[in-house]
Amino acid sequence: MKLYRAEKNADLEFSFPDELVWDELDRQGVKLPVQMKFVDLVIERDEDVLLVEIKDPSNKRCPAEEQKSYFKRLSDNSILTQELTPKARDSYTFLHLMGRDAKPFKYVVLLGLDAFDAAQQKALLTGFKDRLLADIRCETDTPWRRHHIADCVVLSVDIWNKTFADWPVARVPAAAANGEAAA
């Protein structure tokens, strides 16, 4: 098993089996195209390619004001238009130009929402996937002629662990989260 955290001080840690084909697309310290935004991970399966974006406003080091701000941006869809949709488009474009687009792409957004109560989580997630996919497919006055993202899904940590049981994610204790992320 390989352990992965999207950022050095992230407290969500993934355990990926050695045979899983994945790489970190949004790497720090590596030359990447200017002005492009990338998802955190690309996971290649036999049938598709998963673009995985990790958003964790429940990180232990996230101040309460920042959590409130994040909740507002999730509620008013600005996170869709300003962060999630551009990351899907730019990641797809990059992989397409690198010749890595032979399979359908699916966008997986993992939201660490456990700092919010169940009612808030439900309010945020209701219809979120449909709004995200609609925004991905129509960013302009005219919808894209090609559906570059075949589908998307928005998951909480609990649902991720049920959906991808072989790739569990867990919150690591604060002391462990201060260490280096393994990739």
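Preceding this paragraph is the structure being described.
Residues numbered from 1 in each chain as written. Predicted model: local features only at pLDDT ≥ 70, side-chain atom pairs only at ≥ 80, totals over all residues. Heavy atoms only, no water.

> Looking at this model, I keep getting lost on the sheet that holds strand β3 (residues 21-24). Mind explaining?
Strands belonging to one sheet form pairs held by backbone hydrogen bonds; the direction of such a pair is parallel or antiparallel. Spatially, β3-β4-β5-β6-β7 is the arrangement adopted by the 5 strands of the open sheet, whose pairing is mixed. If you trace the sheet from one side to the other, it starts and ends with β3 and β7 (151-155), each paired once. Each strand of the sheet is rotated relative to its neighbour by a mean of 20 degrees, with strand direction disregarded. Bridge count between strand β4 (residues 41-44) and strand β5 (residues 49-55): 4 bridges; the pairing is antiparallel. In the strand pairing of β5, Val42 is matched with Leu51. (Pairing = 2+ DSSP bridges. Helix = DSSP H or I, 4+ residues; strand = E, 2+ residues; numbered from the N terminus. Axes fitted to C-alpha atoms, helices over the stretch in contact; angles between N-to-C directions.)

> Whenever I open this one, the packing of helix α1 (residues 64-75) against helix α2 (residues 78-97) confuses me. Can you help?
Between two packed helices, what matters for the description is the angle formed by their axes and the separation of those axes. Running from N to C, α1 and α2 cross one another at 95 degrees; their axes reach a closest spacing of 5 Å. Classified by the angle their axes make, α1 and α2 are roughly perpendicular. Across the interface between the two elements, Tyr70, Arg73 and Leu74 of α1 pack against Ser78, Ile79 and Glu83 of α2. Here the residues of the contact of α1 with α2 sort into 3 nonpolar, 1 polar and 2 charged. (Parallel < 35°, antiparallel > 145°, perpendicular 65-115°, else oblique. Contact = heavy atoms within 4.5 Å. Nonpolar A, V, L, I, M, F, W, Y, C, P; charged D, E, K, R; others polar.)

> How do you make sense of the sheet that holds strand β1 (residues 2-4) when you look at a structure like this?
Spatially, β1-β2-β8 is the arrangement adopted by the 3 strands of the open sheet, whose pairing is antiparallel. Lying at the two open borders of the sheet, with one neighbouring strand each, are β1 and β8 (169-171). The sheet shows a mean angle of 30 degrees between the axes of neighbouring strands, taken without regard to direction. Relative to strand β2 (residues 12-16), β1 runs antiparallel, the two being bridged by 3 bridges. Bridging from a neighbouring strand, Lys2 pairs with Phe16 of β2.

> Mind showing me how you'd approach the packing of α2 against helix α4 (residues 128-137) here?
In contact at an axis separation of 10 Å, α2 and α4 are set at 65 degrees when each is read in the N-to-C sense. Crossing angle aside, the handedness with which α2 passes α4 is right-handed. Contact with α2, carried on its side by Ile79, Leu80, Thr81, Leu84, Thr85 and Ala88, involves Phe128, Arg131, Leu132, Asp135 and Ile136 of α4 and no other residues of that element. A class-by-class count of the residues in the contact of α2 with α4 yields 7 nonpolar, 2 polar and 2 charged. (Left-handed = near helix turned anticlockwise from the far one by under 90°.)

> Would you take a moment to explain the packing of aromatic side chains for this structure?
When we look at a pair of aromatic rings, we describe it by the centre distance and by the angle of the planes. Throughout the structure, instances matching the rule amount to 13 aromatic pairs. Between Tyr4 and Trp22, the ring centres sit 5.4 Å apart and the planes meet at 70 degrees, which makes this aromatic pair edge-to-face. Placement of Tyr4 in strand β1 and of Trp22 in strand β3 is noted, with a sequence separation of 18 residues between them. Given the relative accessible area of 1%, Tyr4 is considered buried. Pairing Trp160 with Trp167 gives two aromatic rings, centres 6.5 Å apart and planes at 50 degrees, and the pair type is tilted. We classify Trp167 as buried; its relative accessible area is 8%. One aromatic cluster in this structure is built from Tyr4, Phe14, Phe16, Trp22, Trp160, Phe164 and Trp167. (Phe/Tyr/Trp six-rings, centres within 6.5 Å; stacked < 30°, edge-to-face > 60°. Buried < 20%, exposed > 50% of the residue type's maximum accessible area, 1.4 Å probe, protein only.)

> Got a minute to help me understand the nonpolar core in this structure?
The tendency in soluble globular proteins is for nonpolar side chains to be buried side by side. Core analysis: the largest hydrophobic core is formed by 29 residues, its most contacted members being Leu51, Leu74, Leu84, Tyr107, Leu111, Phe128 and Leu132. At the level of secondary structure, the elements contributing two or more residues to this core comprise β5, α1, α2, β6 (105-111), α4 and β7. Considering every element that reaches this core, the biggest residue donor is α2, with 7 residues. For Leu74, the residues in contact, after removing those within four places along its chain, are Ile79, Leu111, Leu113, Leu124 and Phe128. Listed in part, the 19 residues of the second largest apolar core include Tyr4, Leu20, Ile43 and Ile54. (Core = buried A, V, L, I, M, F, W, Y, C linked by side-chain atoms within 4.5 Å.)

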